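# Survey of secondary and tertiary structure
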Amino acid sequence: MQTMTAKRMENPAMILPETMRALPHLIGAIKTGGVSDELGELVSLRASQINGCAGCVYGHVHRLRELGTSDERIDTVAVWRHSPFFNEKEQAALALTESATRLADSPDEPVSDAVWERARAYFGESELAALILQIGLINFFNRINVTIQEPAGTTW
């Protein structure tokens, strides 16, 4: 296994600047859904852990600290099912995140009815829409950064 210290290329969104102009609109639209910044960051951290995105894990941990999230919560996102630091709503969001991120890992329906109904029990339609878009967007960023081997150490 190669140790990665330098990325393969500049981020494609920087090379194609129209991408960078579009992103603030999408991110702004997601924020109108009512999901808290902290929950959005927790979801993004969990997806980034699953996808092995060093740059995003680093960035989301940094942002969670800026938001005042406790070390206990940050340190146990990867094991949230066995952590007392997440409430039922956050657990539902993290379960949805894992299912929607690990689509190919499920032998059945990737996002099961049980996971979906649990999320619907805690999130209204706008929040659920924002959560789904947040999960999709972080998976998009993860795939870019893993492909170009974006190292940890930079925040955005």
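Quick caveat, the model's predicted, so the values are computed rather than measured.

For the protein, the count of helices and strands is 8 helices and 0 strands. The secondary structure elements of the protein, listed N-terminal to C-terminal, are α-α-α-α-α-α-α-α. Computed over its C-alpha atoms, the radius of gyration of the protein comes to 16 Å, within 12% of the 15 Å expected for a compact globule of 156 residues. If one aligns the C-alpha atoms of the protein with their principal axes, the spans along those axes are about 40 × 40 × 35 Å. Burial analysis of the protein (156 residues in total) assigns 38% to the buried set.

So, about the side chain of Glu 127. By secondary structure assignment, the location of Glu 127 is in helix 8 (residues 125-148). When sequence neighbours within four positions are dropped, the list of residues in contact with Glu 127 reads Gly 33, Gly 34, Val 35, Lys 89 and Tyr 122.

The nonpolar side chains of soluble globular proteins are, as a tendency, buried together. In terms of nonpolar packing, the biggest core is built from 26 residues, with Leu 39, Val 43, Phe 86, Ala 93, Leu 96, Phe 123 and Leu 131 touching the most fellow members. Apart from residues no more than four positions distant in its own chain, Leu 39 is found in contact with Glu 90, Ala 93 and Phe 123.

You will see that Gln 149, though not glycine, has its phi angle at about 60°, which is positive. Structurally, Gln 149 can be placed in the segment after helix 8.

With that out of the way, let us pick up the packing of helix 3 (residues 37-51) against helix 4 (residues 54-66). Packed helix pairs are characterised by how far apart their axes lie and by the angle those axes make with each other. Viewed as axis vectors pointing N to C, helix 3 and helix 4 meet at an angle of 155°, and their least axial separation amounts to 9 Å. With respect to their mutual orientation, helix 3 and helix 4 come out roughly antiparallel. Crossing of helix 3 against helix 4: the hand is left-handed. On helix 4, the residues that touch Asp 37, Glu 38, Glu 41, Leu 42, Ser 44, Leu 45, Ser 48 and Gln 49 of helix 3 are Cys 56, Val 57, His 60, Val 61, Arg 63 and Leu 64. For the contact of helix 3 with helix 4, the residue count by class is 6 nonpolar, 4 polar and 4 charged.

On to the environment of Ala 104, then. Looking at where Ala 104 falls in the secondary structure, it is placed in the loop between helix 6 (88-101) and helix 7 (113-122). Judged by its relative accessible area of 76%, Ala 104 is exposed. Between the C-alpha atom of Ala 104 and that of Arg 143, which follows or precedes it by 39 residues, the distance is 15 Å.

On to the state of the cysteines, then. Going through the model one piece at a time under the given rule, you end up with 0 disulfides. This cysteine, Cys 53, is not joined by any disulfide, and Cys 56 carries the nearest cysteine sulfur, 3.2 Å off.

Right, let's talk about the packing of helix 2 (residues 17-31) against helix 8 for a bit. Contact geometry of helix 2 with helix 8 gives a least axis separation of 9 Å together with a crossing angle of 145°. Residues Leu 23, Leu 26, Ile 27 and Ile 30 of helix 2 form the contact with helix 8, whose participating residues are Ala 130, Leu 133, Gln 134, Leu 137 and Phe 141. A per-class count over the contact of helix 2 with helix 8 returns 8 nonpolar, 1 polar and no charged.

The rules behind these values
- Residues numbered from 1 in each chain as written.
- Predicted model: local features only at pLDDT ≥ 70, side-chain atom pairs only at ≥ 80, totals over all residues.
- Heavy atoms only, no water.
- Helix = DSSP H or I, 4+ residues; strand = E, 2+ residues; numbered from the N terminus.
- Rg over C-alpha atoms; globule rule 2.2 N^0.38 Å.
- Buried < 20%, exposed > 50% of the residue type's maximum accessible area, 1.4 Å probe, protein only.
- Contact = heavy atoms within 4.5 Å.
- Core = buried A, V, L, I, M, F, W, Y, C linked by side-chain atoms within 4.5 Å.
- Axes fitted to C-alpha atoms, helices over the stretch in contact; angles between N-to-C directions.
- Parallel < 35°, antiparallel > 145°, perpendicular 65-115°, else oblique.
- Left-handed = near helix turned anticlockwise from the far one by under 90°.
- Nonpolar A, V, L, I, M, F, W, Y, C, P; charged D, E, K, R; others polar.
- Disulfide = S-S within 2.5 Å.

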